[in-house]
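The residues making up each chain are set out below.
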Amino acid sequence: DAMQKPGVAPQGVLSIAEHGLPDPRLVDSLGPQHCLRLSLVPWRRAGALTLVATARPEEFARHRPMLERLFGPVALALATEAEVQQAVLALRSDRLRQMAETQLPLAESCRNWPLRGLRQAGLAFVSVLMAGLVLAPAAVFVALLSVAVLALAAGTALKLLAALAALGQRGGISGQALHMAPPADDDAPGTLPGPLPVISVMVPLLRERDIAGRLMQRLARLTYPRDRLQILLVVEEDDSVTRATIAATLLPGWMEVVVVPRGRVQTKPRALNFALTRCRGSIIGVYDAEDAPAPDQLHRVAARFGRAAPDVACLQGVLDFYNPATNWLSRCFTVEYATWFTLILPGYARLGLPVPLGGTTLFFRRDILEDLGGWDAHNVTEDADLGLRLARHGYRTELLATVTGEEANCRVLPWIRQRSRWIKGYAVTYVVHMRAPGRLWRDLGPRGFIGMQVVFLGSLLQAALAPLLWTFWAMPLGLWHPAQAILPAVAIWGLVGLFLLSEAVNISLGIIAVSARRRHRFLRKWVPSLHLYYPLAALAAYKGFWELLVRPFYWDKTSHGIVPQATTRRRPVPVPR
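Remember, it's a predicted structure, so these values are computed and weren't measured experimentally. (Residues numbered from 1 in each chain as written. Predicted model: local features only at pLDDT ≥ 70, side-chain atom pairs only at ≥ 80, totals over all residues. Heavy atoms only, no water.)

## Digging into the overall build of the chain
Phase 1: For the chain, the helix and strand inventory stands at 20 helices and 12 strands.
Phase 2: In the chain, the share of contacts with a sequence separation of at least 24, taken over all contacts with a separation of at least 6, comes to 78%.
Phase 3: Summing over all exposed atoms, the chain offers an accessible surface of approximately 24600 Å²; the carbon and sulfur share of this is 62%. (Helix = DSSP H or I, 4+ residues; strand = E, 2+ residues; numbered from the N terminus. Contact = heavy atoms within 4.5 Å. Areas by Shrake-Rupley, 256 points an atom, 1.4 Å probe, with all protein chains shown as cover.)

## A word on helix H10 (residues 268–276)
Spacing of three or four residues puts side chains on the same side of an α-helix, whose turn is 3.6 residues.
Phase 1: Counting buried positions along H10 yields 9 of 9 residues, so the element is predominantly enclosed.
Phase 2: Buried within H10 we find Lys268, Pro269, Arg270, Ala271, Leu272, Asn273, Phe274, Ala275 and Leu276.
Phase 3: With a side-chain oxygen positioned 3.3 Å from the backbone nitrogen of Arg270, the residue opening H10 is Thr267. (Buried < 20%, exposed > 50% of the residue type's maximum accessible area, 1.4 Å probe, protein only. Polar contact = N/O pair within 3.5 Å; in protein donor to acceptor, adjacent residues only side chain to side chain.)

## Some details on the packing of aromatic side chains
Aromatic ring pairs are reported here in terms of the distance separating the ring centres and the angle at which the planes meet.
Phase 1: With the rule as written, the count across this model stands at 15 aromatic pairs.
Phase 2: Centre to centre, the rings of Trp328 and Tyr533 are 6.3 Å apart; their planes meet at 80°, and the pair counts as edge-to-face. Here Tyr533 lies in helix H19 (residues 530–533) and Trp328 lies in helix H12 (residues 328–351), a separation of 205 residues in the sequence.
Phase 3: Residue class for Trp328 comes out partly exposed when judged on its relative accessible area of 29%.
Phase 4: Within the aromatic cluster, the residues linked to one another by ring pairs are Phe321, Trp328, Phe333, Tyr337, Phe341, Trp415, Trp422, Tyr533 and Tyr534.
Phase 5: It is Arg226 that lies over the ring of Trp254; its NZ or CZ is 4.3 Å from the centre.
Phase 6: Stacked on the ring of Trp555, the Lys or Arg Arg421 has its end atom at 4.3 Å from the ring centre. (Phe/Tyr/Trp six-rings, centres within 6.5 Å; stacked < 30°, edge-to-face > 60°. Lys NZ or Arg CZ within 6 Å of the ring centre and 35° of its normal.)

## Considering the pairing of strand S8 (residues 283–286)
Phase 1: Here S8 shows two buried faces, one formed by Ile283 and Gly285 and the other by Ile284 and Val286.
Phase 2: Relative to S8, strand S5 (residues 199–205) is paired through 4 bridges, and the arrangement is parallel. Looking at the pairing, Val201 lines up with Gly285 of S8.
Phase 3: Pairing geometry for S8 and strand S11 (residues 362–365), over 4 bridges, is antiparallel. Bridge pairing in S11 links Gly285 to Phe363. (Pairing = 2+ DSSP bridges.)

## Regarding the confidence of the model for the chain
Phase 1: When pLDDT is averaged across the chain, the result is 88; 89% of the residues are at 70 or more.
Phase 2: Below a pLDDT of 50 lies the segment residues 1–11, which in the model reaches 19 contacts outside its immediate sequence neighbourhood of four places, other chains included. (pLDDT = per-residue confidence, 0-100.)

## Topic: the pattern of salt bridges
Phase 1: On inspection of all chains with the given rule, the structure shows 30 salt bridges.
Phase 2: Here Asp23 makes a salt bridge to Arg25, at a shortest N to O gap of 3.0 Å.
Phase 3: In this structure Asp23 comes out as buried when scored by relative accessible area, which is 16%.
Phase 4: When the shortest N-O distance is used, the salt bridge between Arg37 and Glu370 registers 3.3 Å. With a gap of 333 residues between them, Arg37 in helix H3 (residues 32–38) and Glu370 in helix H13 (residues 366–371) connect regions that are remote in the sequence.
Phase 5: Assessed through its relative accessible area of 29%, Arg37 is described here as partly exposed.
Phase 6: On the basis of relative accessible area, Glu370 is assigned to the partly exposed category, the value being 33%.
Phase 7: Connected through shared salt-bridge partners, Arg417, Lys424, Lys543, Glu547, Arg551 and Asp556 make up one network. (Salt bridge = Lys/Arg side-chain N within 4 Å of Asp/Glu carboxyl O.)

## So, helix H4 (residues 60–71)
Phase 1: Under the 1.5 Å per step criterion, the end-to-end length of H4 is only 14 Å for 12 residues, more than 12% shorter than the ideal 16 Å.
Phase 2: What H4 keeps buried is the set Phe60, His63, Arg64, Leu67 and Phe71. Looking down the long axis of H4, one finds its buried residues gathered within 130° of arc, a one-sided arrangement. Residues of H4 that are exposed and point over 90 degrees away from its buried face: Arg62 and Arg69.
Phase 3: In the core, the buried residues of H4 are packed alongside helix H2 (24–30), H3, strand S2 (40–46), strand S3 (49–54) and strand S4 (74–78). (Expected span 1.5 Å × (residues − 1). Arc of directions from axis to C-beta.)

## Let's talk about the sheet that holds S11
Phase 1: Pairing is mixed in the open sheet, where 8 strands are placed in the order S7-S6-S5-S8-S11-S10-S12-S9. The open sheet has two edge strands, strand S7 (255–260) and strand S9 (292–293), and neither has a second partner.
Phase 2: Across 9 bridges, the pairing between strand S10 (residues 312–321) and strand S12 (residues 396–406) is parallel. In the sheet register, Gln316 faces S12, and the bridge partner there is Leu399.

## Concerning the pairing of S12
Sheet faces and side chains relate simply in a regular strand, where the side chains alternate between the two faces.
Phase 1: Counting buried residues along S12, 9 of its 11 residues qualify, which places the element largely inside the surrounding structure.
Phase 2: The pairing of S9 with S12 spans 2 bridges and is classified as antiparallel. What sits directly across from Pro293, in S12, is Thr404.

## So, the environment of Met216
Phase 1: Along the chain, Met216 turns up in helix H8 (residues 211–220).
Phase 2: When its relative accessible area of 2% is taken as the criterion, Met216 is described as buried.
Phase 3: In sequence terms Met216 and Leu251 are 35 residues apart; their C-alpha atoms lie 8.3 Å from each other.

## Some remarks on a nonpolar patch on the surface
Phase 1: Together, Phe125, Val126, Met130 and Leu133 make up a nonpolar patch on the protein surface, roughly 400 Å² of accessible area in all.
Phase 2: You can see Leu133 is positioned in helix H6 (residues 115–135).
Phase 3: Accessibility expressed as a relative area gives 39% for Leu133, which makes it partly exposed. (Patch = residues over 30% accessible without salt bridge, like charges linked within 9 Å, V, L, I, M, F, W, Y side chains within 5 Å.)

## What about the packing of helix H16 (residues 437–470) against helix H20 (residues 535–550)?
Phase 1: H20 packs onto H16 with a crossing angle of 125° between their chain directions and a minimal axis gap of 8 Å. What the angle tells us is that H16 and H20 run oblique. The two elements H16 and H20 cross, and the hand of that crossing is left-handed. Residues Leu460, Ala463, Ala464, Pro467 and Trp470 of H16 pack against Pro535, Ala537, Ala538, Ala541, Tyr542 and Phe545 of H20.
Phase 2: When its residues are assigned to classes, the contact of H16 with H20 shows 11 nonpolar, no polar and no charged. (Axes fitted to C-alpha atoms, helices over the stretch in contact; angles between N-to-C directions. Parallel < 35°, antiparallel > 145°, perpendicular 65-115°, else oblique. Left-handed = near helix turned anticlockwise from the far one by under 90°. Nonpolar A, V, L, I, M, F, W, Y, C, P; charged D, E, K, R; others polar.)

Laid out in structure tokens, this is it:
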């Protein structure tokens, strides 16, 4: 009786065990994805009446007009969330799996990756290159050097312009004012008029053993009201490690588990597409398993979206590392991230360029995300691809001055594996969007198109051709270099000037970025050592390019959880239920 609402038919209680599965024709009429999203399922027809089972009876009146348009008179019955999900998945698991893999239009997806053609093209390129090195080594050297120098010059120029734009937005760096638009005070908790929106945050997990000890405690620090928050732990069906860990963990009521059925690929974006059907919120967020978001982060997200223009489809939070002191690699990684999220990405947004998103601390307007088809399930840098697609469809991404701590990859081989996946994904994204260069030019405009070339193609070329530029270190060491016999002295001095300028820009921006936070200022003396850090990207690039030809959709998972809990400098807290 307490559940009765005006205009709602008397309700019963359904269960799969007692009543069997719902009528598949009714489920298809509404759509299995909508059944999961609304947590209701049309079950049976009884004459002219259709019985609808729901786990959220308080929302039934709102959905009733839509249901009556589809089915005529309806009556409500109660079911649990688990029963609704079990019923829909038992009937339409294959369809939902296929939708998660193919819901993005083929023209915008990489799932038809021309593997055979690329292998042939790669073999032809290597053959021509080897023949050229034998027949005309000087010409090949000058050609490759010209491409490498052009990529370096363009990348340095864009990096400098982006940093100046970010610095000029607020007149310099101070504390945590990370030059995000708009001013951080406008996004302060409690400034949103009206009720808070429901936020659904998806946390994809793969082979994670420590859910309660780290992830749950970090998410428990979020101050967003639990009745407006939905956390989805997204786990693969065949991931016995994570599923066993979750089964042994007492989850709070505001956390749910989404099991993603086996599919043709096993990638994070595929899992996100599948879990999106289970999200209740009008704002969709993404965290990684090792994330430690700022407690008021979701308040700031809600406040910013409440004030943002309708074309602001995405908010990207700032990613930072909580273990910079682990070793040299983690220090350099922290400097790199600080520069990227403090200066470069805000500068891109300020200049009106496409923003290649990070993989976590992302928040979207749900309706726009669904209109765009979600994520490309086959792209291993789905974040960068989605950022580019948002820009092509006329939407904007803004960076939000709220920080999420992550665990820096502090081992060389895992770092190379992670970076190779990023480079492979950048290459895939570039090829997909350059299928129709004219249309890309029209979508992004001249500035966006040129910026995209520098960001994606330029970074790929720099990583691949970096060893060619390293050879110039022979000259200050007093060794002979082939360029001395080919290039005029003025060209060589021009190259030296470019190399010094690029180094100066990298060091200056690194020092500015780490100086923005007091806890990172000890890293300033380590910034020059990034000269020895970036060559690792060349090794990652060759691994990534090889995988383009053999395993383009392979997700090389980054291992986390190796940093001792004390390194995070955070105290454990109880997990509220």
